[in-house]
Amino acid sequence: MTKHAPKEPRDRVRGVIAFGPRSALLRFAGIGLAVLASLEVAAAEDRRGSDSSTGMAVTVERAHRECFADTVRVAGTLVPREESVARPDTDGLRITQVLVDDGDVVTEGQVLARLARPEGQPGQGPSTATVQAPAAGTVIGSTAEVGAIASMSAPPLFRIVVGREIELQADVALVRVAKLQAGQSARVEVAGVGDVIGRVRFIARQADPAAQSTKVRIFLGKDERLRVGTFADAIVDVDRICAPTISLSAVLYGPQGPIVQVVRNNRIETRPVPVGLISADKVQIREGLNEGDLVVARAGSFLREGDEVRPVLPADAKN
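The present account deals with the structure reproduced in this document. (Residues numbered from 1 in each chain as written. Predicted model: local features only at pLDDT ≥ 70, side-chain atom pairs only at ≥ 80, totals over all residues. Heavy atoms only, no water.)

Quick notes on the overall build of the protein
Rule in force here: Runs of H or I in DSSP of at least four residues are treated as helices and runs of E of at least two as strands, each being numbered from the N terminus. For every residue, the accessible area (1.4 Å probe, protein chains only) is compared with the maximum for its type, and the residue is labelled buried under 20%, exposed over 50%, or partly exposed between those bounds. Whether two residues are in contact is decided by their heavy atoms: any pair within 4.5 Å suffices.
Secondary structure summary: the protein contains two helices and 21 strands in total. For the protein, the proportion of its 319 residues judged to be buried stands at 33%. In the protein, of all internal contacts separated by at least 6 residues, the share reaching a separation of at least 24 is 71%.

Here we look at the sheet that holds strand β9 (residues 158-162)
So the rule is basically this: For two strands to be treated as a pair, DSSP must find no fewer than two bridges joining them.
The strand order β3-β9-β8-β5 describes an open sheet built from four strands, whose pairing is antiparallel. The open sheet terminates on both sides in strands that have one partner only, identified here as β3 (83-86) and β5 (105-106).

Quick notes on the state of the cysteines
Quick reminder of the rule: Put simply, a disulfide is two cysteine sulfurs that come within 2.5 Å.
A full pass over the atoms with the stated rule returns one disulfide. Here Cys 67 pairs with Cys 242 through a disulfide, and the sulfurs are 1.7 Å apart. With the S-S dihedral at roughly 100°, the linkage between Cys 67 and Cys 242 falls on the right-handed side. Residue Cys 67 is located in strand β2 (residues 64-80), and its partner Cys 242 is located in strand β14 (residues 231-247); the two are separated by 175 residues in the primary sequence.

Here's the deal with the sheet that holds strand β4 (residues 94-98)
Formally: Every axis in this analysis is a line fitted to C-alpha atoms, fitted for helices over the stretch in contact. Angles between the N-to-C directions lie between 0 and 180 degrees.
The three strands lie next to each other as β4-β6-β7, forming an open sheet whose pairing is antiparallel. Single-partner strands in this sheet number two, and they are β4 and β7 (128-132). Neighbouring strand axes in the sheet, compared pairwise and without regard to direction, differ in orientation by 30° on average. The sheet contact formed by β4 and strand β6 (residues 111-116) spans four bridges and is antiparallel. For Gln 97, the partnering residue across the bridge sits in β6 and is Arg 114.

A look at the pattern of salt bridges
Stated formally: One speaks of a salt bridge when a side-chain nitrogen belonging to Lys or Arg is within 4 Å of a carboxyl oxygen belonging to Asp or Glu.
In this structure the tally under the stated criterion is 13 salt bridges. Linking Asp 70 and Lys 179 is a salt bridge whose minimum nitrogen-to-oxygen distance equals 2.8 Å. Note that Asp 70 is positioned in strand β2 and Lys 179 in the loop between α2 (174-177) and β11 (185-190), a separation of 109 residues in sequence. Two residues, Glu 308 and Arg 267, come together in a salt bridge whose shortest N-O distance is 4.0 Å. Residue Glu 308 is located in the loop between β20 (294-296) and β21 (309-312), and its partner Arg 267 is located in strand β17 (residues 267-272); the two are separated by 41 residues in the primary sequence.

And the structure:
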């Protein structure tokens, strides 16, 4: 009698047939999900890498709009706006009395000196005379001395600043004089006095061809502190210009002229730019730069066109 192997329980066979393949599928599905998850992580890391440059960190600044005053600087000496002189009306008289000193304020017709004919000297005309002020103002440059013989052909005995009004007379280069106009405000720094506010009153039409300059007068008015002949500097405000502005250190000067290094999409763009007005450590850019552009704060030859960088704004510029 033949013995047969015992039969597996039906439910066990059914379990092998029914559940075995499903477990395998689940295992494969788990592996697939893990792979997909790792791919997502890699993609996210790639996206983060693309958003944040891995290049060299460089300090940048934003170009901003700023207005500068365009000025013309001149230098010269203080002079009377109008000058009058006093001389004797006759020759041969001796000065017997001088009644005023340099710096005295006089009125029109005031006696400045007395003269008399020397004793024992014959002559025609009056034996005494006076020298009077031809106009009201301030006495400067008196040459009158008691005992001296006065002459109509000699240098004047007295010079008078008419109306006590003082001006700065300066020579201005022809390349700059075109910017000047009568009425423009000027800040005049007078040696030993300080700043005095004036205005451009006169610009000579004729120029000095040898010096390539012309004369300009800046009116300062009446000021007891001002003395004729004193040296002074002046800054004349001729215009007000507004343009994109950056630090002077952001401009690099090369063989082709000034350039700036702009950061765009985390890469360096080298742009040639014409510079405009300069004030302290700031410079205006006339063309090639817009407000808000990021520029390398300290341009240098270590950066090249197309270099990948990581721009860093100073803490005070982030707000």
